[in-house]
Amino acid sequence: MNQPTAKKRLPINFLLITIGLSLIIFAVFYIITLKTDQINSASAETHSTVFVKDSFIETNIIKGETNSGNYTIKYPQTTSADFNQQVEEYVTDLKTDFFQSHTSSSTLIIDYSFTHYKNLYSFVLSQKVKQDTLFTEKIKRTFLLDSKNNSILSPETVVSSKQLIPLISKRFSEQEKIKQFNAQRDKKLELANDESLYKQFTISNKNITFYFNPESFTIPYNDTASISISLNSIRNSLNEAYKPAPIKKKKASKTPTKVVSLTFDDGPNTTSTKQILAILKKEQIKATFFIVGTQAKANPKMVKEIYKAGHELGNHSFTHADLARLSDKKIKNEITKTNKYIKEASGHNPTVFRPPYGSFDQRVINYAKVPMILWSVDTLDWQNHNTTSILHNIEEEKSKQMTLLMHDIHDSSADALPKVIKKLKKENYTFVTASELLEMKNKK
Ligand code: ZN
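1. Section: the sheet that holds strand β1 (residues 45-51)
- Overall, mixed pairing links the seven strands, which are arranged β1-β2-β3-β4-β5-β6-β7 in an open sheet. Among the strands making up the open sheet, the edge pair consists of β1 and β7 (151-152).
- Across four bridges, strand β3 (residues 69-77) lies against strand β4 (residues 106-117) in parallel orientation. By the bridge assignment for β4, N70 is matched with T107.
- Along the sheet, helix α2 (residues 81-101) contacts β1, β2 (58-66), β3, β4, β5 (120-131), β6 (134-146) and β7; its crossing angle with β3, the most-contacted strand, is approximately 170°.

Below you can see the structure in the form of structure tokens.
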């Protein structure tokens, strides 16, 4: 009985071992196959990030290939977690929908663009689908983000579309694509008069652009449409924070109607010139200083200070000579020596020239090389040393484009200056330098 039992046991043990081994092998294979599948499906989709020129945004790129088609998805990421979540959810939904409704021959492309205006970033995500050989733009979706607060903005906080509906509808019907469609068919493409349709838009420095998906049209149309309207034309519908800067009225009349060029001769010194510089700084006025060479040599720091304050430097001869009475050589010497000391002190050559006593001839003009500037109003400040007289002389000789002659070497002139400026400002004069006034005159 023992032998047969032993004989019987052997095959049973063998069978059990075989089954056991088979199970192990099967399990190992199963695990390997499973892992391979997982690896395959993971490697079918690649993720990458690209930095965009704007430091606020990165582009996430997902590429993938499955049995039901392939896809390339590019979408923005910012420092706003809310925004990132909304965009990611939107993109994931599009992807899921696409695979539920398409076959292997189709391609999905999601891409985006953005504009930046004030604190507002506007994004527009577009979905394109290629089936067979035809690409169609299926849908567009916009997102508005406040980069200052890192928060998503609702369309209502930027623009009130209610007032804009008639304007948008009109522009829509004028759009080339829509016009062509309407011309070819009996029925017209129109925007439904539903306020919720006007909430997809982007804003740039110049325009607001509204986007319309196919379902926004009263007649089905297998494409998106957009229209752009200049921000300035809808400024009343924009909420205060997003209104464009008003167009400056000054642009219309580039040349102010009344201008005055304040000029100060015979300096600089370290007392009244300094006082005048302080007044001009306070009043934010740029003037022109006709400098005598000996004074520049004696007070180089003041020359530099005048230049640094933004005033114009002029040559007024070296010794305050009556140039028309001098020899060629002496005229040349008076002018070049003064240029040299002004340049040494300020780093710059004078850009205008005024002959002492207004005395000049053709030789003087030739040696000066820079434009010669005389004056139209002589305040006679060097003579009268009196504010009332100075103001009286201005009143007598004023004109729409005047050059006012004063001297910065007299305390009485410096003392009169605030009242002179007050009078001119009250009469709406714009203050310019000698060169600026010359340019205005030459333009005429
Ligand atoms: Zn002088």
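2. Describing the packing of helix α3 (residues 161-174) against helix α4 (residues 176-184)
- In the contact formed by α3 and α4, the axes pass within 5 Å of each other and the chain directions differ by 65°. Of the possible angle classes, the one that applies to α3 and α4 is roughly perpendicular. Across from F172, S173 and E174 in α3, the residues of α4 making contact are E176, I178 and K179.

3. Examining the environment of S196
- For S196, the position within the fold is in the loop between α4 and β8 (201-203).
- With relative accessibility at 44%, the residue S196 sits in the partly exposed group.
- With 35 residues separating them in the primary sequence, S196 and S161 have C-alpha atoms 8.9 Å apart.

4. Regarding the environment of S389
- The residue S389 is located in helix α11 (residues 387-397) in this model.
- Take S389: its relative accessible area is 28%, and that puts it in the partly exposed class.
- Residues S389 and A416, spaced 27 residues apart in sequence, show a C-alpha to C-alpha distance of 9.8 Å.

Thresholds applied
- Residues numbered from 1 in each chain as written.
- Predicted model: local features only at pLDDT ≥ 70, side-chain atom pairs only at ≥ 80, totals over all residues.
- Heavy atoms only, no water.
- Pairing = 2+ DSSP bridges.
- Helix = DSSP H or I, 4+ residues; strand = E, 2+ residues; numbered from the N terminus.
- Contact = heavy atoms within 4.5 Å.
- Axes fitted to C-alpha atoms, helices over the stretch in contact; angles between N-to-C directions.
- Parallel < 35°, antiparallel > 145°, perpendicular 65-115°, else oblique.
- Buried < 20%, exposed > 50% of the residue type's maximum accessible area, 1.4 Å probe, protein only.

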